[in-house]
Amino acid sequence: MQIFDNIDPSWRPLIEEALQSLDPEYLQFLESDKTFFPDKENFLNAFKTLSLQDTQYILFGQDPYPRKESATGYAFIDGKVGTIFNQNGLSKEVNRATSLRNFMKMALFCEGVLQGDFSKEAVAKVDTSGYIQTINQLRENFEKNGVLLLNTALVFTTKEESKKHLKAWQGFVDRLLQLLQSHDIVLILFGSAAKDIKKYKSADTFEKYLLPHPYNIGFITESKAHQLFKPMRLLSL
């Protein structure tokens, strides 16, 4: 498969082996189908920009955003979002993306500049000039902290087929975790689909953070999220 060509060399042997855990028909689908996204050149992007030796965490989301322009091959990084902030607080694109909006409010809470009142008006009063300004900078800050941004299912076709893809990728995730047993990596599990990973025997040896999906407004004040993300300073330039 040509999809291996751009993977960081440190990941390539593991990803090649983990992909062999997929059903042969599904592998053929990944090789030949033109409708899924992120496409064949991008659905493994998380393994291209962060090496295995620099990986300290794997953040498991659910599946790609259901829009081609948003699905980037990185969990939680919405390609439709350019700038994060504007003169009115969070940008229009962020405000439309519920999970990202709540995550950014959680990050501002961790910075100590947003407390109690998480309204649009409260965010607008925050001086964000000293923070990152683009979604790509957020991805880079995740990776500087050793966070690999991986969805539980790596491709999307239709909402109706989401469960099919989640099931299809279970073997890949399980085998990948088996191959990572000797590495000191923490698992960050967002939402119910990702939390199913905790049931895998291969996940037993890993430290895990089980968090509500950021789609839930309670994520903003979730103490475990603060404990994990506050030291990362994800908004810092």
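Let me begin by describing the structure that accompanies this report. Everything numeric in this text was worked out from a predicted model, so none of it was measured.

A count of helical and extended segments in the protein gives 10 helices and 6 strands. Computed over its C-alpha atoms, the radius of gyration of the protein comes to 18 Å, within 12% of the 18 Å expected for a compact globule of 237 residues. By its C-alpha atoms, the protein is 55 × 35 × 30 Å across when sized along the principal axes. For the protein, with 237 residues in total, the buried portion stands at 54%. In the protein, 67% of the contacts between residues at least 6 apart in sequence involve partners at least 24 apart. As presented, the protein carries roughly 11200 Å² of accessible surface, and 47% of it is formed by carbon and sulfur atoms. Of the side-chain charges in the protein, 28 are positive and 29 negative, and the distance between the mean point of each set is 6 Å.

Below, the discussion takes up the layout of surface pockets. Counted as a void, the largest pocket has a volume near 740 Å³. Lining the largest pocket are 35 residues; nearest its centre among them are D63, P64, Y65, P66 and R67.

We now examine the pairing of strand β6 (residues 208-211). Burial along β6 is one-sided: Y209 and L211 are buried, and none of K208 and L210, which face the opposite way, are. When strand β5 (residues 186-190) meets β6, the two strands line up parallel, connected through 4 bridges. Pairing of L187 across the sheet is with K208, part of β6.

What follows concerns the packing of aromatic side chains. Tallying each qualifying case throughout the model produces 18 aromatic pairs. For the pair F103 and F142, a centre-to-centre distance of 5.8 Å together with 45° between the ring planes defines the contact as tilted. Here F142 lies in helix α6 (residues 135-144) and F103 lies in helix α4 (residues 98-111), a separation of 39 residues in the sequence. In this pair, the class of F103 matches that of F142, namely buried. Pairwise contacts between aromatic rings join Y26, F29, F36, F43, W169 and F172 into one cluster. Its guanidinium or amino end placed over the ring of Y74, R139 lies 5.0 Å from that ring's centre, counting from NZ or CZ. The ring of F29 has K164 sitting right over it, with the charged end atom 5.7 Å from the ring centre.

Looking now at the environment of S119. Of note, S119 is situated in the loop between α4 and α5 (120-124). A residue is classified by how much of its surface remains accessible, and S119, at 24% relative accessible area, is partly exposed. Along the chain, S119 and G171 lie 52 residues apart, while their C-alpha atoms are 41 Å from each other.

A few words on the sheet that holds strand β4 (residues 147-151). If you trace the 4 strands from one edge of the open sheet to the other, you get β4-β1-β5-β6, paired in parallel fashion. The outermost strands of the open sheet, each flanked by one partner alone, are β4 and β6. Each neighbouring strand pair of the sheet contributes to a mean axis angle of 20°, computed without reference to strand direction.

A word on the pattern of salt bridges. In this structure the tally under the stated criterion is 9 salt bridges. Measuring nitrogen to oxygen at the nearest pair gives 2.2 Å for the salt bridge that ties E17 to R175. In this pair, E17 sits in helix α1 (residues 12-19) while R175 sits in helix α8 (residues 170-179), placing the two residues 158 residues apart along the sequence. For E17, a relative accessible area of 36% corresponds to the partly exposed category. Ionic pairing is found between K164 and E161, a salt bridge with its closest N-O pair at 3.4 Å. On the basis of relative accessible area, E161 is assigned to the partly exposed category, the value being 28%.

Per the stated rule, a full pass over the model turns up 2 cavities of 30 Å³ or more. In this structure, the largest cavity is lined by M106, A107, C110, E111, F229, K230, R233 and L234. Ranked by the residues each element gives to the lining of the largest cavity, the list is headed by α4, at 4 residues. Class assignment of the residues belonging to the lining of the largest cavity gives a composition of 5 nonpolar, no polar and 3 charged. Of the pockets and cavities examined, the second largest cavity occupies roughly 30 Å³. In terms of lining, the second largest cavity is formed by N88, G89, L90, N95, K105, K120 and V123. Mapped by element, the contributors of at least two residues to the lining of the second largest cavity are β3 (89-90) and α5. Residue composition of the lining of the second largest cavity, by class: 2 nonpolar, 3 polar and 2 charged.

Criteria and cut-off values
- Residues numbered from 1 in each chain as written.
- Predicted model: local features only at pLDDT ≥ 70, side-chain atom pairs only at ≥ 80, totals over all residues.
- Heavy atoms only, no water.
- Helix = DSSP H or I, 4+ residues; strand = E, 2+ residues; numbered from the N terminus.
- Rg over C-alpha atoms; globule rule 2.2 N^0.38 Å.
- Buried < 20%, exposed > 50% of the residue type's maximum accessible area, 1.4 Å probe, protein only.
- Contact = heavy atoms within 4.5 Å.
- Areas by Shrake-Rupley, 256 points an atom, 1.4 Å probe, with all protein chains shown as cover.
- Lys, Arg positive; Asp, Glu negative; His and termini not counted.
- Charge placed at Lys NZ, Arg CZ, Asp CG, Glu CD.
- 1 Å grid on protein atoms, 1.4 Å probe; cavity = no way out; pocket = protein on both sides within 12 Å on 5 of 7 lines; lining within 4 Å.
- Points joined across faces, edges and corners; volume = space filled by probe spheres on them.
- Pairing = 2+ DSSP bridges.
- Phe/Tyr/Trp six-rings, centres within 6.5 Å; stacked < 30°, edge-to-face > 60°.
- Lys NZ or Arg CZ within 6 Å of the ring centre and 35° of its normal.
- Axes fitted to C-alpha atoms, helices over the stretch in contact; angles between N-to-C directions.
- Salt bridge = Lys/Arg side-chain N within 4 Å of Asp/Glu carboxyl O.
- Nonpolar A, V, L, I, M, F, W, Y, C, P; charged D, E, K, R; others polar.

By themselves, these figures tell us nothing about what the structure is for.
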